[in-house]
Amino acid sequence: MTRIRAYGLLLAFVLLIASSAGAEVNPEAAAQAPLKFYQAVNAKNYAAAWGLLTEASKSRLTILVAEDAKQTPAEIRNLFDSSDPRIQAGFWDSFRGSAKPELYVTFAYKYTGDKAGSHVIQASDPGSQNGKTLDLVVKDEGGYKFGLVETYGI
């Protein structure tokens, strides 16, 4: 009886590990997350851009803007979440001007694997002669989200 119970516990443990391994990665969908983000920023669809960011990116950007604006993070997060015109004119238009999304929308994006719990997306400029690439962070948070802060260490 103890041997049967031990096998049962072992089987339950193996099944628990297998079920917690997570869903398979959809490489094409994961690779599209940064592209969709930059397309939204380029089109000034800031509500969509905000929705395409990881929670870590949203939290960090909220804190940075709150410090700069001398407001609470909760107030700034509400402005971001509601796509308030003040945050669009202040943060998003400034970000759009400095981030050069018009360049990123021309890049090729390819899933290259996983690292430290994130998906790695390689971005490359098809017109570049030097062949340099940029590794971008994407996470699956109920859909693939671009880790802006995680990628650039903001």
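Cut-offs applied
Residues numbered from 1 in each chain as written. Predicted model: local features only at pLDDT ≥ 70, side-chain atom pairs only at ≥ 80, totals over all residues. Heavy atoms only, no water. Pairing = 2+ DSSP bridges. Helix = DSSP H or I, 4+ residues; strand = E, 2+ residues; numbered from the N terminus. Axes fitted to C-alpha atoms, helices over the stretch in contact; angles between N-to-C directions. Salt bridge = Lys/Arg side-chain N within 4 Å of Asp/Glu carboxyl O. Buried < 20%, exposed > 50% of the residue type's maximum accessible area, 1.4 Å probe, protein only. Parallel < 35°, antiparallel > 145°, perpendicular 65-115°, else oblique. Contact = heavy atoms within 4.5 Å. Nonpolar A, V, L, I, M, F, W, Y, C, P; charged D, E, K, R; others polar.

A. Summary view of the sheet that holds strand S4 (residues 144-146). Strand order across the open sheet formed by four strands is S1-S2-S3-S4, with antiparallel pairing between neighbours. The strands lining the two open edges of the sheet, one partner per strand, are strand S1 (108-115) and S4. If you compare each strand with its neighbour and ignore which way they point, the axes differ by 35° on average. Two elements, strand S3 (residues 133-140) and S4, share three bridges in a ladder whose sense is antiparallel. Residue pairing in the sheet places Lys-139 in a bridge with Lys-145 of S4.

B. Layout of the pattern of salt bridges. For the coordinates displayed, the defined rule picks out four salt bridges. Its salt-bridge partner being Glu-55, residue Arg-77 comes within 2.8 Å of it at the nearest N-O pair. You can see Arg-77 sitting in helix H5 (residues 73-81) and its partner Glu-55 sitting in helix H4 (residues 55-69), a full 22 residues away along the chain. Given the relative accessible area of 37%, Glu-55 is considered partly exposed. For the salt bridge of Arg-77 with Asp-81, the shortest nitrogen-to-oxygen distance reads 3.0 Å. Of this pair, Arg-77 and Asp-81 both sit in helix H5, four residues apart, which is roughly one turn of that helix. Asp-81 gets classed as partly exposed once you look at its relative accessible area, which sits at 46%.

C. Seen up close, the packing of helix H2 (residues 27-42) against helix H6 (residues 85-99). Across the interface, H2 lies against H6 with an axial gap of 10 Å and an inter-helix angle of 110°. Taken together, the axes of H2 and H6 are roughly perpendicular relative to one another. For the pair formed by H2 and H6, the contact residues are Phe-37, Val-41 and Asn-42 on the first element and Trp-92, Phe-95 and Arg-96 on the second. Classifying every residue of the contact of H2 with H6 gives four nonpolar, one polar and one charged.

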